[in-house]
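# Coordinates in review
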Amino acid sequence: MPDQQWPLYEVFLRGKRGLNHVHAGSLHAADAPMALRHARDLYCRREEGVSIWVVPSAEITASSPEEKDPFFAPAGDKPYRHPTFYDLPGDVPHM
């Protein structure tokens with residue numbers, strides 16, 4: 001089977017100093033174990049990663065940019081969900 005017919009996988013990599021996995025790129029592979037091995041070979045050649053996730057692209061569901069206002073609007077009326085009522089220490093990650 002040529003690799004153009006293999007499923008597409010999205011690769012997420014967590015670096016040595018990172019707390020989150022970050023999208024590193026995409027690749028084609030016959031199955032998840034092969035995708036993981038290829039991701040390691042492609043994106044961790046210089047030992048920059050400590051964790052890799054591979055996810056079939058077909059399994060990712062995302063919100064549409066056109067729907068951003070109605071989709072995220074319900075969160076706007078719940079200020080108690082946001083840390084605006086107290087000071088966060090500098091070492092606590094926040095958005």
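The text that follows walks through the structure, step by step, so that each part is easy to find.

Calculation criteria
Residues numbered from 1 in each chain as written. Predicted model: local features only at pLDDT ≥ 70, side-chain atom pairs only at ≥ 80, totals over all residues. Heavy atoms only, no water. Core = buried A, V, L, I, M, F, W, Y, C linked by side-chain atoms within 4.5 Å. Buried < 20%, exposed > 50% of the residue type's maximum accessible area, 1.4 Å probe, protein only. Helix = DSSP H or I, 4+ residues; strand = E, 2+ residues; numbered from the N terminus. Contact = heavy atoms within 4.5 Å. Salt bridge = Lys/Arg side-chain N within 4 Å of Asp/Glu carboxyl O. Pairing = 2+ DSSP bridges. Axes fitted to C-alpha atoms, helices over the stretch in contact; angles between N-to-C directions.

### Examining the nonpolar core
- Ranked by size, the top nonpolar core spans 9 residues in total: Trp6, Tyr9, Val11, Leu27, Ala29, Met34, Ala35, Ala39 and Val54.
- Broken down by secondary-structure element, the contributors of at least two residues to this core are β1 (8-15) and α1 (32-43).
- The dominant element in this core, judged by the number of residues it contributes, is α1, at 3 residues.
- The contact partners of Ala35, leaving out residues within four places of it in the chain, are Tyr9, Leu27, Ala29 and Val54.

### Some remarks on the pattern of salt bridges
- Evaluated as defined, the whole model comprises 1 salt bridge.
- We note a salt bridge from Arg40 to Asp41, for which the minimum N-O separation is 3.2 Å.
- Owing to a relative accessible area of 42%, Asp41 belongs among the partly exposed residues under this scheme.

### Digging into the pairing of β1
- Here 6 bridges tie β1 to strand β2 (residues 22-28), and the two strands are oriented antiparallel to one another. Bridged to Tyr9 within β2 is Leu27.
- Connecting β1 to the next strand, β2, in antiparallel fashion are 6 residues.
- Examined bridge by bridge, β1 and strand β3 (residues 49-56) share 7 bridges and lie antiparallel to one another. If you follow Gly15 over to β3, its bridge partner there is Gly49.

### A look at the sheet that holds β3
- The antiparallel open sheet is built from 3 strands, whose spatial order is β2-β1-β3. Every interior strand has two partners, whereas the edge strands, β2 and β3, have only one. For this sheet, the mean angle separating the axes of adjacent strands, direction not counted, is 25°.
- Along the sheet, α1 makes contact with β1, β2 and β3, crossing β2 at roughly 120°.

Treat this as a map of the structure, not an account of what it does.
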